[in-house]
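Each chain, written out:
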Amino acid sequence: MDFHYKDIVPWGRSFDEYLDMFDLSEEDLTRDIVGVGDGPASFNFWMRERGTPVISVDPIYQFSEAELRQRIQETYEDVIAQARQNQDKFVWTKFSSVDELAQVRMQAMEEFCRDFEEGKEQGRYIGASLPDLPFPDHHFDLVLSAHFLFFYSANRDLAFHLDAVRELLRIGTEVRIFPIVDVNSNPSPFLSPVIEELERDGVNCSVERVPYHFQKTGNEMLRLKSR
Ligand SMILES: C[S@@+](CC[C@H](N)C(=O)[O-])C[C@H]1O[C@@H](n2cnc3c(N)ncnc32)[C@H](O)[C@@H]1O
């Protein structure tokens, strides 16, 4: 049994998961950060709580809180049903069961929903889409993007991936992308071609192991820095 998504789903992870997915240190958390494709994750909410606000970008931020709550509820049934059928693709140490996973993710998305309308007014949630982001060159120190590029390799082609990654490098000094496998934990066919092209552009690319290990083969991120 495989995961199949007709398109990219709004689904969000917790602050602790973000720390581990991107191997974020306390020093990293003080940098100027943007999360691209943050969806209904609770990273932005918790960074505001800590007093070091960040910006999140996602096309779904054009919707209202009520519309997002409805989309999350619809997505929940599908994602959790597919997770039950694909339990063998995960390492069950961080979460002991699909029920615990569902509870942690729903709590993170509830935190996001409660923060969303106020955060949008404050400019912390910006509705925009890769590969065109509304920021000047080198505007951020650290650009994070999780569970979108490489993850949805079945839904977006190589040209999109290249344009998107170049856009992330345009707006930030350092880019971290997690994971580098697709929704079924298979290596993304786009990873090597993207790295080859970026190295030709003069970008420093490294694949690094991170503390987050939930998808069986999904414990590595791609770190990019323009030379
Ligand atoms: C599975 S969610 C991941 C959310 C969060 N980053 C996490 O890891 O929990 C993928 C997100 O990518 C967003 N997305 C889809 N197309 C996008 C695009 N062109 N540019 C930026 N984000 C996009 C979706 O709206 C969705 O919220």
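Provided above is the structure to which this section pertains.
Residues numbered from 1 in each chain as written. Predicted model: local features only at pLDDT ≥ 70, side-chain atom pairs only at ≥ 80, totals over all residues. Heavy atoms only, no water.

1. What to know about unusual backbone geometry
With the exception of glycine, most residues fall at negative phi, and the peptide bonds are largely trans. To keep it simple, the criterion reads: Each helix is a run of H or I in the DSSP string that is no shorter than four residues. Each strand is a run of E no shorter than two, and both are numbered from the N terminus. Relative accessibility under 20% of the residue-type maximum defines a buried residue, over 50% an exposed one, and the middle range a partly exposed one, all with a 1.4 Å probe and only protein chains included.
Between Leu130 and the following residue, Pro131, the backbone shows a cis peptide bond with an omega angle of 15°. Turning to its location among the elements, Pro131 is positioned in the loop between strand E3 (125–126) and strand E4 (140–146). Cis rather than trans, the peptide bond between Phe178 and Pro179 has omega equal to -10°. Along the polypeptide, Pro179 turns up in the loop between strand E5 (172–178) and helix H6 (191–201). Here Asp23, not a glycine, exhibits a phi torsion of approximately 50°, which is positive. If you trace the backbone, Asp23 turns up in the loop between helix H1 (15–21) and strand E1 (33–36). Given the relative accessible area of 36%, Asp23 is considered partly exposed.

2. What to know about the nonpolar core
Just so we agree on the cut-off: Nonpolar core, defined: a set of buried Ala, Val, Leu, Ile, Met, Phe, Trp, Tyr and Cys residues in which side-chain atoms within 4.5 Å join the residues together. In what follows, residue pairs with any heavy atoms lying within 4.5 Å of each other are defined as contacts.
Judged by nonpolar contacts, the single largest core of 73 residues is most densely connected at Phe43, Leu149 and Leu224. Residues in contact with Leu149, not counting those within four places in the same chain, are Leu130, Phe160, His161, Ala164, Val165, Leu168, Ile177 and Pro179.

3. Some details on the pattern of salt bridges
Operational definition: The term salt bridge refers to a side-chain nitrogen of Lys or Arg lying within 4 Å of a carboxyl oxygen of Asp or Glu.
All told, the structure shown has 24 salt bridges when counted by the stated rule. In this structure, Asp141 and Arg31 form a salt bridge, with 2.8 Å as the shortest nitrogen-oxygen distance. In this pair, Asp141 is assigned in strand E4 and Arg31 in the loop between H1 and E1, connecting sequence segments 110 residues apart. Of the charged contacts in the structure, one is a salt bridge between Glu197 and Arg166, with a shortest N-O distance of 3.4 Å. With Glu197 in helix H6 and Arg166 in helix H5 (residues 158–171), this pair connects stretches of sequence that are 31 residues apart. When its relative accessible area of 27% is taken as the criterion, Glu197 is described as partly exposed. A single salt-bridge network, built from bridges that share partners, covers Asp28, Arg31, Asp141, Glu174, Arg176, Glu208 and Arg223.

4. Section: the packing of aromatic side chains
Operational definition: A pair of aromatic rings is counted whenever rings of Phe, Tyr or Trp (Trp by its six-membered ring) have centres within 6.5 Å, and the orientation is called stacked for planes under 30 degrees apart, edge-to-face for over 60 and tilted otherwise.
Counted under the stated rule, the structure contains 19 aromatic pairs. Taking the centre distance of 5.2 Å and the plane angle of 85° together, the rings of Trp92 and Phe214 count as edge-to-face. Of this pair, Trp92 sits in the loop between helix H3 (65–85) and helix H4 (98–121) while Phe214 sits in the loop between strand E6 (203–209) and strand E7 (220–226), and the two are 122 residues apart along the sequence. On the numbers, 5.2 Å between centres and 70° between planes, the contact of Phe95 with Phe214 is edge-to-face.

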